[in-house]
Amino acid sequence: PETMPRLVLLAEFDDLSQFTQTLKSRRAARLMARLATSYRFSADPIEQAALWNLRHSAAAVMWMTNGTKKALPFIEDGIVPVAKLPQFLDRTYKLLSKYQLDIATWGHAGDANLHLQPFLDLGKKKDVDTLFALSHDFHELVMAFGGSTSGEHNDGLIRGPYLEQLYGKEMMELLRQVKRAFDPHNILNPGKKVDATEAYAREHLRHEYSLSQLYHHWPYT
């Protein structure tokens, strides 16, 4: 019987020249014929759109679950130098195994940006502790590879505490000065960029992530 592949890579060539697109596609096909289990080449715009829908629907599929656990976006934006992607993937899967989490991984191979959303229930202290422990280990791993904790989705409560380690004290002081200039009373998203702490993040976790799932099938009348 057919099984789902462990890894799917989508590559698109958008050069202005159709000739260049074809040339690069053929080169990629020869490479895939040598390295991949199987590959598919498509020049049909409709089929291309269908293939990209597989990638774009990944997050939505992750959220379609029953029960109290929900896919949580707290380590979904680590990015490292492209040449280090194979090692980054290997270490990431070992880290997930350490926490006994088996989840889907997707992202952007072209710039080595990974998206992961582990299933946790924020109504349980054990899962909350796992969230912060895994977040710490994952972002330490990202920085050890010379990467950034946030490639495209910003920092927020969870990644904020790592910014000083990532950028250094001088850059963080500059960010504080900008913050004070535009928000002297600290009323706009406090604790999400400068002066972010794990304690503040713990106090402001959105527990409805679990509750909304708990009552998902309840009638509204």
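In case you missed it, the structure is sitting above this.
Now for a quick tour of the structure. Note that the structure is predicted; figures quoted are calculated from it, not measured.

## Points about the packing of helix α4 (residues 85–98) against helix α5 (residues 125–144)
Phase 1 of the analysis: The contact between α4 and α5 brings their axes to 11 Å, and the two run at 165°. Put simply, α4 runs roughly antiparallel to α5. Crossing hand, α4 versus α5: right-handed. Only L134, D137, F138, L141 and V142 of α5 make contact with α4, whose side of the interface consists of F88, R91, T92, L95, L96 and K98.

## Regarding the pairing of strand β3 (residues 113–116)
Phase 1 of the analysis: Burial along β3 is two-sided: the face carrying N113 and H115 and the face carrying L114 and L116 are both buried.
Phase 2 of the analysis: Relative to β3, strand β2 (residues 105–108) runs antiparallel, the two sharing four bridges. What sits directly across from W106, in β3, is H115.
Phase 3 of the analysis: Connecting the antiparallel pair β2 and β3 is a turn made up of four residues, with A112 showing a positive phi of about 55°.

## Focus on the environment of V82
Phase 1 of the analysis: Mapped onto the elements, V82 comes out in the loop between β1 (70–71) and α4.
Phase 2 of the analysis: Overall, the relative accessible area of 46% leaves V82 in the partly exposed class.
Phase 3 of the analysis: In this structure the C-alpha to C-alpha distance between V82 and A112, which are 30 residues apart in sequence, comes to 5.0 Å.
Phase 4 of the analysis: Contacts of V82, omitting those with residues within four sequence positions, involve A109, G110, D111 and A112.

## Details of the packing of aromatic side chains
The description of two aromatic rings rests on the distance between their centres and on the angle between their planes.
Phase 1 of the analysis: The final tally for this structure, using the stated rule, is two aromatic pairs.
Phase 2 of the analysis: Measuring from ring centre to ring centre gives 5.9 Å for F88 and F138, while their planes differ by 35°; the resulting arrangement is tilted. Residue F88 is found in helix α4, and its partner F138 is found in helix α5; the two are separated by 50 residues along the sequence. Grouping residues by exposure puts F88 and F138 together as buried.
Phase 3 of the analysis: Taken together, the ring pairs connect F88, F138 and F145 into an aromatic cluster.

What counts, and where the lines are drawn
Residues numbered from 1 in each chain as written. Predicted model: local features only at pLDDT ≥ 70, side-chain atom pairs only at ≥ 80, totals over all residues. Heavy atoms only, no water. Axes fitted to C-alpha atoms, helices over the stretch in contact; angles between N-to-C directions. Helix = DSSP H or I, 4+ residues; strand = E, 2+ residues; numbered from the N terminus. Parallel < 35°, antiparallel > 145°, perpendicular 65-115°, else oblique. Left-handed = near helix turned anticlockwise from the far one by under 90°. Contact = heavy atoms within 4.5 Å. Buried < 20%, exposed > 50% of the residue type's maximum accessible area, 1.4 Å probe, protein only. Pairing = 2+ DSSP bridges. Phe/Tyr/Trp six-rings, centres within 6.5 Å; stacked < 30°, edge-to-face > 60°.

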